[in-house]
Amino acid sequence: GMFAQLEVLEARAHREAVEQEKKEQREEKLALLESRVRELRLRRDELRDKVDLQEKGGLGKEGMGSDPALPSARNVLEWRIRSLKGLLQVFHLTGISGKLGKGRMSLTLSTAHGGSHLDSFHLEFLTRPELRIRRHSIPSFIPLEQLSRKFLPRDLRGFLDQLSQHLNAFAGRRFQAEQLQEHFSDWIVGTLQGNSLCNLLVFKYNIPGNNRNFPFRARLLYQDPCRSLPTEVVVSCS
Amino acid sequence: MDETVAEYIRRTVLKMPRDEIKMMLQKWGFLSEAQLQTLNFHQIKENISQEVVQLCEENSADIKQAAVLDIIYNHIYQNKRMWSVYQMKKTGDELEYFDLKEFKKKFKRNLRSALKNVTITFREYEDNAIWIRVAWGTPYRKPNQYKPSYVVYHSQTPYVFISASVLKSNLPLLCQALMVASNYHDIREMELRGHSLNSLKDIVFKRYSQNFESYCPKPLQERTVEPESVDLRITEENRSEKERIQRLNREVYGDGPQPILEFAQYMLETMFKSDLKMDVLDKKEPFRCLVKFSSPHLLESLKSLAPAGMAGAPLSPLLTCITQKARNCFRIRDKKGLFPESFVSP
């Protein structure tokens, strides 16, 4: 009846749609290839002109043929993107990168230790009416408030310098503790006992080959929050 | 072994799901592997718990060990409890070398000097979390082990997570001991409560995903793009509006998962403002009402309101400031003065 008819129509429409789609895809592919051919031809012409120019050598201005074809807009754009990416990469490697906006400024502080990239931390500032922090992802045991009270809003550079030192040192200390746990797991007895800031580390260890009944106990104190090396180490044996 | 200890251990084991009992006993470490091998974990829990108690009898367990087993259970099932967040304040700016041994000593000493009959148990976890379990007694009664308070503290942070027992009177003692042990001088309760301890931690430690504009050297994760329906008979209306909503949502909520909160409540207190002619009320009593949003995952549902078309974007700042302000209980009052506008009290 009617439904059967509708079904037939629908099936036909579907088939035709599929065919149409295939046809369009073929045409699209063809168009793409054609444009590529055009591109390559253009390039070939450019290069030919360049070669001709070089062969003609030091001819005067009259002898100069058409200017070597200007690099296409596309090439310029690509070159710009590459160099910007490179610049951003360089900034990222310096440890501080940022973005300035309307009344806002976003900064990213990246930490590293001994060639390993570690965590990144973010700050967002409002610049009007005066410089102040809007939000951040700095852990609460880093003295952010203290530093901002001391340096902001006059001395942004000093603030960032100090904060970056604190963060890098903390990330470095934490990284070292993790590496110690990982690479010397068979030396260490029990677990490392530390704290959030990683500025006090206590652990027991055995040197392989030594008598295992008398482990050494090490206590590392990091008095300088901006350094990733301990200021005081006490090793005892009981 | 004390009868009360045996009963307590028995009841603690009964709380555990049957297929997790072995794992928790192993974490506990009080019973040896050999002893654990003798247990039949396929029988009914009543019998398992009796056998466990017998083994503990052999090892002469005391309340201290039983308390550790309780902490282990509550650490794994931390989301069953309601946690409140407290913030401590410090006077000086000196750097702290948090020494765990010192902390524990000071805490115990301070708490015991106020109340002799307490059971205090500590357990440290890998993420620098210190769990403290306190069972409270009175000067004349031994501690009640069935209603302990739990405190979770991360060293060198000003935040403490407390799941208190019913007895509210012990809270000041607990706070006092915490302040003394961690070298802070003031503590106040934040307006932040929830069941998911990790989410509360994410909020105050700012570990949730905030949408910072930053250069990411790692390539952005490919977002799964829905394959556009090739059927040209279907067109998408309001595409630009949808994109605007997505953009605003992303600015507020970021890309990552949201911390889990179960509710947000707003207490409104306002005066009825009327024409002087139509003075309906005799007494000038403020109007009070409480609006509470509840959900198994409140922030995710708020995030999906605008894309689902149920609310306009951007959402009210009262809803979007929850993670930023680290609070889910708000008091909204009239601003006293010439221009009565509502404002959120600190």
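Reading the values: the criteria
Residues numbered from 1 in each chain as written. Chains lettered and ligands numbered in written order. Predicted model: local features only at pLDDT ≥ 70, side-chain atom pairs only at ≥ 80, totals over all residues. Heavy atoms only, no water. UniProt positions renumbered as here; feature names shortened; annotations may be inferred. Helix = DSSP H or I, 4+ residues; strand = E, 2+ residues; numbered from the N terminus. Contact = heavy atoms within 4.5 Å. Pairing = 2+ DSSP bridges. Axes fitted to C-alpha atoms, helices over the stretch in contact; angles between N-to-C directions. pLDDT = per-residue confidence, 0-100. Salt bridge = Lys/Arg side-chain N within 4 Å of Asp/Glu carboxyl O. Buried < 20%, exposed > 50% of the residue type's maximum accessible area, 1.4 Å probe, protein only. Patch = residues over 30% accessible without salt bridge, like charges linked within 9 Å, V, L, I, M, F, W, Y side chains within 5 Å. Areas by Shrake-Rupley, 256 points an atom, 1.4 Å probe, with all protein chains shown as cover. Lys, Arg positive; Asp, Glu negative; His and termini not counted. Charge placed at Lys NZ, Arg CZ, Asp CG, Glu CD. Buried area = accessible area lost by both parts, 1.4 Å probe. Polar contact = N/O pair within 3.5 Å; in protein donor to acceptor, adjacent residues only side chain to side chain. Expected span 1.5 Å × (residues − 1). Core = buried A, V, L, I, M, F, W, Y, C linked by side-chain atoms within 4.5 Å. Domains from an automatic or database assignment.

An unreviewed UniProt entry lists chain B under the name CENPN protein, with Calyptomena viridis given as the organism. Here is the UniProt Sequence similarities (unreviewed entry) comment for chain B, exactly as written: "Belongs to the CENP-N/CHL4 family."

For chain A, the name recorded in an unreviewed UniProt entry is Centromere protein O, with Calyptomena viridis as its organism. Checking UniProt for chain A, the heading Sequence similarities (unreviewed entry) contains the comment "Belongs to the CENP-O/MCM21 family."

Peer 1: Outline the overall build of chain B, supporting the account with residue identities and numerical values.
Peer 2: Regarding its fold elements, chain B presents twelve helices and ten strands. The contacts in chain B between residues at least 6 apart in sequence include a share of 68% that link residues at least 24 apart.

Peer 1: Please give an account of the sheet that holds strand β2 (residues 118-124) of chain B that cites residues and values.
Peer 2: Residue and element names in this part refer to chain B. The six strands lie next to each other as β2-β3-β4-β5-β1-β6, forming an open sheet whose pairing is antiparallel. Strands at the two margins of the open sheet, each flanked by one partner only, are β2 and β6 (186-194). Looking at each pair of strands side by side, their axes are set apart by 25° on average, direction ignored. Bridge count between β2 and strand β3 (residues 129-138): seven bridges; the pairing is antiparallel. Following the sheet pairing, R123 is matched in β3 by W131. Helix-sheet contacts for helix α8 (residues 197-204) involve β1 (83-89), β3, β4 (141-154), β5 (159-163) and β6, and the interaxial angle to β6 is about 120°.

Peer 1: Lay out the environment of L268(B) with the relevant residues and their values.
Peer 2: Residues and elements named next belong to chain B. Within the element layout of this structure, L268 appears in strand β7 (residues 263-270). In sequence terms L268 and A135 are 133 residues apart; their C-alpha atoms lie 37 Å from each other. Apart from residues lying up to four places away in sequence, L268 is in contact with F287, R288, C289 and I332.

Peer 1: Lay out the confidence of the model for chain B with the relevant residues and their values.
Peer 2: Residues and elements named next belong to chain B. In the predicted model, chain B carries a mean pLDDT of 84, and the fraction of residues at 70 or more is 87%. In this model residues 337-346 is a low-confidence stretch, pLDDT under 50, and it forms 20 contacts with partners more than four residues away in sequence or in other chains. Per the prediction output, this complex has pTM 0.75; the corresponding ipTM is 0.72.

Peer 1: Can you tell me about the pattern of salt bridges, naming the residues and giving the values?
Peer 2: Here the structure, examined in full by the defined rule, presents 23 salt bridges over all chains. When the shortest N-O distance is used, the salt bridge between D119(A) and R174(A) registers 2.6 Å. Of this pair, D119(A) sits in strand β3 (residues 116-126) while R174(A) sits in helix α4 (residues 156-183), and the two are 55 residues apart along the sequence. By relative accessible area, R174(A) is classed as partly exposed at 27%. With its nearest N and O atoms 3.1 Å apart, the salt bridge here joins E7(B) to R10(B). Here the residue E7(B) and the residue R10(B) both occupy positions in helix α1 (residues 3-15), the gap between them amounting to three residues, near one helical turn. Put simply, R104(A), E124(A), R134(A) and R135(A) are held in one network by salt bridges that share partners.

Peer 1: Please give an account of α8(B) that cites residues and values.
Peer 2: For α8(B), the tally of buried residues reaches six of eight residues, placing the bulk of the element in the interior. One or two residues past the end of α8(B) sits K206(B), with phi positive at roughly 55°.

Peer 1: Account for the sheet that holds strand β5 (residues 188-193) of chain A, with residues named and values stated.
Peer 2: Residue and element names in this part refer to chain A. Taken in spatial order, the four strands line up as β5-β6-β7-β8 in an open sheet, and their pairing is antiparallel. Edge positions in the sheet fall to β5 and β8 (232-237), since each of these pairs with one other strand and no more. Looking at each pair of strands side by side, their axes are set apart by 10° on average, direction ignored. The sheet contact formed by strand β6 (residues 200-205) and strand β7 (residues 216-221) spans six bridges and is antiparallel.

Peer 1: Mind laying out a negative patch on the surface, listing which residues take part and the relevant values?
Peer 2: All names here are of chain A. Taken together, E21, E24, E27 and E28 make up a surface patch of like negative charges. Within the element layout of this structure, E28 appears in helix α1 (residues 2-56). Exposure remark for E28: the relative accessible area of 54% places this residue in the exposed category.

Peer 1: Let's hear about the interface of chain B and chain A: which residues, and what values?
Peer 2: Counting residues at the interface gives 27 residues for chain B and 34 residues for chain A. Overall, the association of chain B and chain A removes approximately 2,600 Å² of surface from exposure, summing both partners, and the carbon and sulfur fraction of that is 50%. Taken together, the connections running from chain B to chain A amount to one salt bridge. D99(B) is the salt-bridge partner of R219(A), the closest N and O atoms lying 3.3 Å from each other. Our count for the chain B to chain A interface comes out at eight residue pairs in polar contact (both at pLDDT 80 or more).

Peer 1: Could you give me a rundown of helix α7 (residues 171-182) of chain B, with the residues and numbers involved?
Peer 2: Residue and element names in this part refer to chain B. For α7, built from twelve residues, the straight-helix expectation of 16 Å at 1.5 Å per residue is met to within 8% by its first-to-last C-alpha distance of 16 Å. Packed against the buried residues of α7 are β1, α6 (100-114), β3, β4, β5 and β6. Phi turns positive one or two residues past the end of α7, at N183, with a value near 70°.

Peer 1: An account of the nonpolar core is needed here, citing residue identities and associated values.
Peer 2: Residue and element names in this part refer to chain B. By size, the foremost hydrophobic cluster in this structure holds 58 residues, and its most contacted members are I9, L25, W28 and F161. Sort the elements by how many residues they give to this core and helix α5 (residues 63-76) lands first, with six residues. Setting aside its immediate chain neighbours within four residues, L25 contacts L31, L36, L39, F41, V52 and L69. Grouped together as the second largest cluster of nonpolar side chains are 28 residues, M88, L100, F122 and L178 included.

Peer 1: Which residues make up the domain arrangement of chain B, and what values go with them?
Peer 2: Residues and elements named next belong to chain B. If you check the domain split of chain B, you get domain 1 (3-78), domain 2 (83-205) and domain 3 (243-275 + 283-333). The distance between the C-alpha centroids of domain 2 and domain 3 comes to 30 Å. Of the residues lining the interface, eleven residues belong to domain 2; the matching set on domain 3 comes to eleven residues. For the pair domain 2 and domain 3, the two sides together bury roughly 990 Å², of which 60% comes from carbon and sulfur. Contact with domain 3 buries area across many residues of domain 2, yet E191, R193 and I203 alone supply 58% of it, more than any other trio. Where domain 2 meets domain 3, there are one salt bridge.

Peer 1: Can you tell me about unusual backbone geometry, naming the residues and giving the values?
Peer 2: Most peptide bonds are trans, and most residues other than glycine sit at a negative phi. Residue and element names in this part refer to chain B. Even without a glycine there, the phi angle at N128 is positive, about 65°. Residue N128 is classed as partly exposed on the basis of its relative accessible area of 25%. Here the phi dihedral of Q156 falls at roughly 60°; this positive angle occurs in a residue that is not glycine. Residue placement: Q156 occurs in the loop between β4 and β5.

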